[in-house]
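Structure at a glance
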There are 2 protein chains.
Amino acid sequence: MPKRLAYLGPAGTFSEGAAIKYAPQAELIPCLSISAVAEAVSNGRADEAVVPIENSLEGSVNDTLDMLIHQPSLFIRGELVLPVQHCLLVRDGMNISDIEIIYSHPQALAQCRRYLETHFPDVVTDAALSTAAAAKYVLETEEPAGAIGPIRAAELYTLDVLAHGIQDNPNNVTRFAVLAHSDQRPTGNDKTSLCFSFTDDRPGLLYGVMKGFAERGINLAKIESRPTGESLGTYIFLIDLDGHKEDAPIKEALQHLAEQASWFRIFGSYPRYRRIS
Amino acid sequence: MPKRLAYLGPAGTFSEGAAIKYAPQAELIPCLSISAVAEAVSNGRADEAVVPIENSLEGSVNDTLDMLIHQPSLFIRGELVLPVQHCLLVRDGMNISDIEIIYSHPQALAQCRRYLETHFPDVVTDAALSTAAAAKYVLETEEPAGAIGPIRAAELYTLDVLAHGIQDNPNNVTRFAVLAHSDQRPTGNDKTSLCFSFTDDRPGLLYGVMKGFAERGINLAKIESRPTGESLGTYIFLIDLDGHKEDAPIKEALQHLAEQASWFRIFGSYPRYRRIS
């Protein structure tokens, strides 16, 4: 039976591209929100899920971080890094000079801002709920409209591609996390993601935790904070570190963390992504 | 001449409420994006600006952080903390049972999720570009629609308020920053906001900076990271600390920071907000 893989839909989004790259044979289950994706795995409708976690221009995907914090039954068992390639899409037969309005997800519009200012200084832009929703709308409307989205959306909605790679920054990549009911055994080139918080607000608490990692030579690849939702200024900290939770120095540092933090949770240890290009 | 104060418009948003609270006599200049707000101050069209910087449920406002990082001529000279009170708004004469669709900004819909599930389980929700845009749309459409937004939007668009305080979390507050061409002198109860980055990626660099603050007993109220936009995994760190940049221990720690980081910038020192209720 093929693996059932949930992702942030609809079909034609970058998340679908990541899901196909991760498991080409999987049965894909599109879900309409990050929390619905998580729910699909925790209630058994899907075996695993692929969710965007960080973009090199926009930063962390907060919905995904908040979902990880609040879903104790899900673990990160892998990561993928995919380049974001935006295209300009129109209905069959339309030309660049016909376009009077361009739709896309606000992040995609932001990522193509310079291209739009240079090539379409007088064209209106408008927000859509996803790049796929913009593509679908452009197919169905009679407006002189274009959409910005991945090449996959052109295939799905039979649109013409007027321009490829229109994002301003060629280094635009998105990191996706693979979620499942367990993480992975050590491979020798791993990462570990975790979060923690403090009930007190004393100077130096966060510093104390970081000291526990620094003194053991453990590199922190990333540190992020998210609000606890209780009051302004109380945070949950999220850390990505180099290594596996079973490595001796990390095991020790995690014991130290358990003593320092009032609450902590390991999202998982998983192999670092190596780009195959 | 009254102060000219730029804010994230249109009229009827929570940002307008913050601007009025900060300077009731000011001439208000609504701008359509965070970068347009910043531009209004840097090109002299406004004297100061009020921008949202952090919400207790949603976390940092990334557009504002990125704008601060990239606008070296602007400083933070104050902060305000305002409770977010959402209302359910409809056209004159409509009742709760008439509503078939509810519009608002996605953050506002998210902040009222439990209220909507309980009171409107069968009603569709749809995203608008701002709470004010939702209110304006509801006034003009013939759809059986409601909007979620601040009480100010009801006044501006002459809508009826069917319910007050419908946000799920009573602790929902937003922190706003006041931007100008300079920050403020010490008052004895101040905060300092700054950012820094490293060109290298060696273990312990961030830890080294935090050590410089911890050893001098300086409390870090907040730590955040934003992507540099150059490649995945390279970050600009943003810190809020307790105290003024002219305080001796902070001056020392900032010298230490200048030696450790490859780049840093102080957004400003400003009086801590004290709620007047």
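Residues numbered from 1 in each chain as written. Chains lettered and ligands numbered in written order. Predicted model: local features only at pLDDT ≥ 70, side-chain atom pairs only at ≥ 80, totals over all residues. Heavy atoms only, no water.

Observations concerning the environment of Ser 197 of chain B
All names here are of chain B. Mapping Ser 197 onto the fold places it in strand E12 (residues 190–197). On the accessibility criterion, Ser 197 (12% relative accessible area) is buried. Setting aside anything within four residues of it in sequence, one finds Ser 197 in contact with Tyr 235, Ile 236, Ala 261, Ser 262 and Trp 263. (Helix = DSSP H or I, 4+ residues; strand = E, 2+ residues; numbered from the N terminus. Buried < 20%, exposed > 50% of the residue type's maximum accessible area, 1.4 Å probe, protein only. Contact = heavy atoms within 4.5 Å.)

Quick notes on the relation of the copies chain B and chain A
Superposition record for chain B on chain A: RMSD 0.0 Å, screw rotation 180°, translation along axis 0.0 Å. The superposition operator between the copies reduces to a two-fold rotation axis. In terms of C-alpha distance to the rotation axis, chain B has Glu 224 of chain B as its closest residue, with the C-alpha 2.8 Å off the axis. When the interface residues of chain B are mapped onto chain A, 100% of them are again interface residues, pointing to one common binding face. (Least-squares fit on C-alpha atoms with pLDDT ≥ 70 in both.)

Some words on the side chain of Gln 111 of chain A
Residues and elements named next belong to chain A. Summarising the element assignment, Gln 111 is placed in helix H4 (residues 106–111). Take Gln 111: its relative accessible area is 5%, and that puts it in the buried class. Setting aside anything within four residues of it in sequence, one finds Gln 111 in contact with Asn 55, Leu 57, Glu 58, Val 84, His 86, Gln 167, Asp 168 and Asn 172.

Overview of the pattern of salt bridges
Counted according to the given criterion, the structure contains 32 salt bridges over all chains. A salt bridge links Glu 252 of chain A to Arg 216 of chain A; its shortest N-O distance comes to 2.9 Å. A residue pair is termed long-range when its members are at least 10 positions apart, and Glu 252 of chain A in helix H9 (residues 248–260) and Arg 216 of chain A in the loop between helix H8 (205–214) and strand E13 (220–227) qualify at 36 residues. Among the ionic pairs, Asp 242 of chain B bridges to Arg 272 of chain B, the shortest N-O distance being 2.9 Å. Placement of Asp 242 of chain B in strand E14 (residues 235–242) and of Arg 272 of chain B in the segment after strand E15 (263–271) is noted, with a sequence separation of 30 residues between them. (Salt bridge = Lys/Arg side-chain N within 4 Å of Asp/Glu carboxyl O.)

Considerations on the packing of aromatic side chains
Within the structure shown, the criterion is met by 13 aromatic pairs over all chains. Between the aromatic rings of Tyr 115 of chain A and Phe 120 of chain A, the centroid separation amounts to 6.1 Å while the plane-to-plane angle is 55°, which identifies the pairing as tilted. Overall, the relative accessible area of 6% leaves Phe 120 of chain A in the buried class. Relative to Tyr 207 of chain B, the ring of Tyr 207 of chain A lies with its centre 5.4 Å away and its plane at 0°, an arrangement referred to as stacked. Highlighted residues: Tyr 207 of chain A in helix H8 and Tyr 207 of chain B in helix H8 (residues 205–214), drawn from two different chains. Of the two residues examined, Tyr 207 of chain A and Tyr 207 of chain B, each falls in the buried class. Grouped by ring-pair contacts, the aromatic residues Phe 196, Phe 198, Tyr 235 and Phe 237 of chain A constitute a single cluster. (Phe/Tyr/Trp six-rings, centres within 6.5 Å; stacked < 30°, edge-to-face > 60°.)

In short, geometric facts, not functional conclusions.
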